[in-house]
Amino acid sequence: MIKLGVLISGGGTNLQAIIDACTAGTLDAEIVLVIASKPDAYGLKRAQEAGIPTIGLTREVYNEQHAADTLIAEEFTRADAEYIVMAGYMRRVTDPLLAAYPDHVINIHPALLPSFAGAHGIQDAWDKGVKVTGVTVHFANAVYDDGPIIAQQAVEIRKDDTIETLEERIHAVEHELYPATLQLLAEGRLHIGTDRHVYLT
Ligand code: GRF
C-alpha cells in the first residue's frame, strides 16, 4: 500500500477516479492528504466526503511559489505521503517540492506529450486539426508538462466529434489510465533508467 498526496486546482474528477479505485481495491494506495491551489476547488469536497484530510491554499500563499512549495512539501511530509500526484493541478512544481520528492511527483496531461503541453492541451490539439491525440502520465520536473513519460494512451479524433465529445472521451481515458498507472507504482514496477526513460518491470 503506497501513501499518496494529491494536488488539485479544480473539479477533481481525476481525484475522484483515484479515490474510487482505492475504495474498489484496484489501486493499492491510500490518499493521506489533498492540497488545492484554490480554497474553493470542488475537488476538496470530494476528498472531504471520502474522509481525506484537505488543505485549500489561498492566492496570497501562491504569490511566492517557492514559499508555497516549501509549505506543500512540509505538509505532505508530515502526512507521510510517499508520492505526490498532480490531478488537474494548474501550477508548475518547483525545487522545494521536487527536492523533497525526487522522481516521486506524477502528473497527468490531456494530450500526447511532448505535443500540446500547457494549460489547454485538448483545445490546442483540436485547433491544430490532429487526427490522434490522447493522454500522458509522466514524472514531473521543474518544466511544465516535461519529465519522464510513464504511460500514454491515444484517442482518435472522429469525423463527427465536437470539442465537447472529444473532451469527454479524453477524460474517460484519464480516469482509467491514471489509477492503472498509479497501481504500477504501487507494485514497484516503474523504474527510471540512466537514460531517464521509464521502464516497466
Ligand atoms: C484534466 O484533464 C487534467 O489532465 C488536466 O486538467 C484536467 C483536470 O480535471 N491537467 P479534474 O480536476 O481532474 O476534473
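Conventions used here
- Residues numbered from 1 in each chain as written.
- Predicted model: local features only at pLDDT ≥ 70, side-chain atom pairs only at ≥ 80, totals over all residues.
- Heavy atoms only, no water.
- Salt bridge = Lys/Arg side-chain N within 4 Å of Asp/Glu carboxyl O.
- Helix = DSSP H or I, 4+ residues; strand = E, 2+ residues; numbered from the N terminus.
- Buried < 20%, exposed > 50% of the residue type's maximum accessible area, 1.4 Å probe, protein only.
- Near = heavy atom within 4 Å.
- Polar contact = N/O pair within 3.5 Å; in protein donor to acceptor, adjacent residues only side chain to side chain.
- 1 Å grid on protein atoms, 1.4 Å probe; cavity = no way out; pocket = protein on both sides within 12 Å on 5 of 7 lines; lining within 4 Å.
- Sits in = over half its atoms within 2 Å of the grid points.
- Nonpolar A, V, L, I, M, F, W, Y, C, P; charged D, E, K, R; others polar.

The next thing to look at is the pattern of salt bridges. Tallied over the full model, the rule gives 5 salt bridges. Across the pair Arg-196 and Asp-103 runs a salt bridge, and its minimum N-O distance is 2.8 Å. Of this pair, Arg-196 sits in the loop between strand S8 (190–192) and strand S9 (198–200) while Asp-103 is found in the loop between helix H5 (95–100) and strand S5 (105–109), placing the two residues 93 residues apart along the sequence. Look at Arg-196 and you get partly exposed, because its relative accessible area is 41%. What makes Asp-103 partly exposed here is its relative accessible area of 31%. Across the pair Asp-161 and Arg-169 runs a salt bridge, and its minimum N-O distance is 2.8 Å. The burial state of Asp-161 is the same as that of Arg-169; both residues are buried.

In the neighbourhood of the ligand, the contacting residues comprise Gly-11, Gly-12, Thr-13, Asn-14, Gly-88, Ile-108, Pro-110, His-171 and Glu-174. Gly-12 is positioned such that a nitrogen or oxygen atom in its backbone is 2.8 Å from an oxygen atom of the ligand. Note that an oxygen atom of the ligand is positioned 2.5 Å from one of the side-chain N or O atoms of Thr-13. If you map the ligand onto the pockets, it falls in the largest pocket. Only helix H1 (13–24) and helix H7 (163–186) provide two or more residues apiece to the shell around the ligand. Looking at side-chain class alone, the shell around the ligand contains 2 nonpolar, 6 polar and 1 charged residues.

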